[in-house]
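Commentary on secondary and tertiary structure
In case you want the letters, here they are:
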Amino acid sequence: MCGIVGCHHVPDAKAFKPTALKMVKQCRHRGPDWSGSYMANSTILAHERLSIVGVDSGAQPLTNKDESIALAVNGEIYNHRVIRKTLKTPYHFKTHSDCEVIIPLYMEYDIDVPKYLDGMFSFVLYDKTQDRTIAARDPIGITSFYQGWSSKMPGAVFFASELKCLHTVCDKIISFPPGHIYDSKTDKMTRYYQPKWWDPTNVPTAPVDYKLLRETFEKSVRKRLMAEVPYGVLLSGGLDSSLVASIAQRETLRLKAVALAQMESTNGEAKETEDNEDKGEGLVGIDDENKLSTLTYLPQLNSFSIGLPNAPDTKAAKEVAKFLGTKHHDMTFTIEEGLNALTDVIYHLETFDVTTIRASTPMFLLSRKIKAMGVKMVLSGEGSDEIFGGYLYFHAAPDKEAFHTECVRRVQNLHLSDCLRANKSTSAWGLEARVPFLDKEFLDVAMNIDPADKLITKERIEKYIIRKAFDTSDEPGAKPYLPDHILYRQKEQFSDGVGYGWIDALKDNAELHVTDEMMKKPKPEWGTDIPDTKEAYWYRLMFDEHFPPYCAETVMRWTPKWSKQTDPSGRAISIHAQKYKNTE
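Here is what the cut-offs are and how they apply
Residues numbered from 1 in each chain as written. Predicted model: local features only at pLDDT ≥ 70, side-chain atom pairs only at ≥ 80, totals over all residues. Heavy atoms only, no water. UniProt positions renumbered as here; feature names shortened; annotations may be inferred. Helix = DSSP H or I, 4+ residues; strand = E, 2+ residues; numbered from the N terminus. Contact = heavy atoms within 4.5 Å. Domains from an automatic or database assignment. Buried area = accessible area lost by both parts, 1.4 Å probe. Buried < 20%, exposed > 50% of the residue type's maximum accessible area, 1.4 Å probe, protein only. Pairing = 2+ DSSP bridges. Expected span 1.5 Å × (residues − 1). Salt bridge = Lys/Arg side-chain N within 4 Å of Asp/Glu carboxyl O.

Let's talk about the UniProt feature "binding site: ATP" (unreviewed entry) in the chain
Following the UniProt record, one finds the feature "binding site: ATP" (unreviewed entry) at L234, I306, S380 and G381. Here L234 lies in strand β13 (residues 231–234). Sequence-distant contacts of L234, that is, excluding residues within four places in its chain, are made with S241, F304, M363, L366, I370, V378, L379 and S380. For G381, the location among the structural elements is in the loop between β18 (377–379) and α9 (384–388).

Side note on the domain arrangement of the chain
As assigned here, the chain comprises domain 1 (3–194), domain 2 (198–263 + 286–498) and domain 3 (508–582). Look at where the C-alpha atoms of domain 1 and domain 2 centre, and you get two points 28 Å apart. Counting the surface lost from both domain 1 and domain 2, the interface buries some 3,300 Å², and carbon and sulfur atoms represent 56% of this. Of all residues in domain 1, the largest losses of buried area upon contact with domain 2 belong to I52, Y78 and I140, amounting jointly to 22% of the total for that side.

Section: the environment of P480
Residue position: P480 is located in the loop between α13 (464–469) and α14 (484–487). Among the residues examined, P480 registers a relative accessible area of 37% and is labelled partly exposed. Between the C-alpha atoms of P480 and Q60, which are 420 residues apart in sequence, the distance is 43 Å. In this structure, P480 is in contact with R250, F323 and T472, ignoring residues within four places of it in sequence.

Quick word on the UniProt feature "domain: Glutamine amidotransferase type-2" (unreviewed entry) in the chain
When the UniProt feature table is mapped onto this chain, "domain: Glutamine amidotransferase type-2" (unreviewed entry) is found at residues 2–187. Taken end to end, residues 2–187 is 15% helix and 33% strand, and its two terminal C-alpha atoms sit 26 Å from one another.

So, the pairing of strand β10 (residues 172–175)
Alternating positions in β10 separate cleanly, I173 and S175 being buried on one face and K172 and I174 remaining unburied on the opposite face. The pairing of strand β8 (residues 146–149) with β10 spans 4 bridges and is classified as antiparallel. Bridge pairing in β10 links G148 to I173.

Concerning helix α6 (residues 312–324)
Taking 1.5 Å of rise per residue, the 13 residues of α6 would be expected to cover 18 Å, and the 19 Å separating its terminal C-alpha atoms lies within 8% of that figure. Among the residues making up α6, those that are buried are P312, D313, T314, A316, A317, V320, A321 and L324.

So, the pattern of salt bridges
The tally for this structure, following the rule as stated, stands at 37 salt bridges. Here E76 ties to R434 by a salt bridge, and the two come within 3.4 Å at their closest N and O atoms. Taken together, the residues E76 in strand β5 (residues 69–77) and R434 in strand β19 (residues 432–434) connect sequence positions 358 residues apart. Classification of R434 by relative accessible area gives buried; the value is 0%. One salt bridge in this structure joins R409 and E406, with 2.9 Å as the shortest N-O distance. Of the two residues, R409 and E406 both sit in helix α10 (residues 400–412), 3 residues apart, roughly one turn of that helix. Salt bridges sharing partners connect three or more residues here, namely R30, E162, K164, E350 and K424.

Spelled out as structure tokens, the structure:
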């Protein structure tokens with residue numbers, strides 16, 4: 001991930017620039033590799049870079065030939081090679097950056113530019129000739145992004161990757177809506193991402209196509225191996241991360257075989273070729289035949305897990321890693337280490353949501369260890385539970401229409417929960433997380449399946465159809481993706497799977513920090529958003545230490561539907577398998 005800040009129509013750009021640089025410095029953890037800025041008229045763009053693609057030449061902000069257009073991006077554009085090849089007007093690229101294609105796309109398609117992008121991104125583009133700024137966020141909101149205004153600077157508008165960059169300047173801040181683009185020319189926000197399934201009342205009727213589901217997801221994982229730096233996979237041992245790891249390992253072994261074959265055919269000598277980089281030749285990423293080219297040669301795929309000693313997920317992760325043949329790193333943390341990190345987690349996550357904080361803390365600790373090993377990018381399994389109704393409370397869905405409506409709602413809110421967690425927990429240490437389940441093409445396939453096929457029954461475990469899609473037991477000679485008992489293992493929410501003692505410790509410590517009297521007298525500035533448990537109250541107090549009250553409007557609480565419970569933990573759902581409860 002990278003960190004970006006955009007300041008449009010500030011009263012005196014030259015005088016404001018030191019402030020803009022201080023703003024972007026607040027998210028330097030996202031991009032520790034380089035810093036850059038651009039200023040023209042009354043607009044400033046600033047960038048903190050984490051180099052994954054175009055390492056040698058992709059410093060930002062990026063500009064066109066005469067520097068009349070400048071671009072600051074946080075993200076990855078997986079179809080950048082295809083875009084370079086299919087531009088209507090020839091364009092000479094200055095860098096190998098996958099993100100540079102946004103400039104010529106803007107020149108051809110104006111504010112329709114994000115419709116042509118396949119990836120995760122937040123960007124601010126400034127057109128000096130028109131004195132115009134546009135800003136956009138990817139369809140689901142995988143990358144974090146905020147927009148702000150200051151009552152002291154009417155007419156100015158601000159953008160940033162994180163809340164902490166804005167709150168010292170802005171007194172009104174929103175989470176920039178995913179799938180939208182903002183245009184300063186009209187001062188309007190427009191939704192560009194409008195898939196058929198986005199309307200929850202439009203209930204799909206197409207039966208599941210297991211072959212299409214599998215192939216589309218494999219393609220999604222393959223795209224996300226685009227890199228010029230060491231990468232790995234987060235492996236909890238649950239279904240989602242295990243499938244991602246399995247496909248990534250298959251592609252890693254294929255690339256390894258290709259590399260060895262090339263070495264043998266050239267007797268170990270590098271083959272000199274003249275590539276047309278403006279057409280995407282010789283660059284990392286997928287081509288128009290969806291084949292991956294990469295400069296990164298990994299002798300082994302690294303996988304990573306974390307948990308308390310003897311946690312349910314840790315045991316399963318080790319087994320999956322052994323089955324797949326990845327180089328596995330099993331990391332443990334103590335309850336004390338987790339508790340000590342809480343205030344830092346809330347500072348980086350910029351939320352006080354109970355579920356998010358519980359799950360983010362182990363991920364935050366793991367990310368630091370991964371980055372220390374020299375890995376800069378990981379694949380992760382976020383999004384599957386929202387798409388397929390994998391949370392245990394989906395057992396209580398009354399009918400397929402309600403099931404689908406809840407899936408759509410969950411996907412639409414991912415930018416406030418699991419995407420926020422994955423993005424900010426890793427970015428806190430300059431690590432990038434990529435999420436194959438939220439691929440645009442895969443979403444079109446998975447979210448347009450008749451929800452009757454997703455319903456949980458006595459015969460069908462949650463997420464049955466994605467499990468079945470990767471079940472090769474009825475395919476003679478086919479290599480299994482995962483062991484059957486992993487493929488059909490019941491859902492463990494991450495905050496549960498790292499060890500049940502973690503949640504219990506959080507509740508116990510909240511009791512020590514929040515009294516019954518405090519619960520009766522919440523802060524007046526909280527308004528009607530009153531924490532309903534001591535744990536939630538405790539997190540809100542820590543949030544308030546870092547951010548002013550109005551920042552709370554960007555936070556959403558994660559709660560299960562069709563359930564009377566107040567605790568969002570998966571194990572609090574009655575359907576949770578007794579055998580897992582017995583491991584507490």
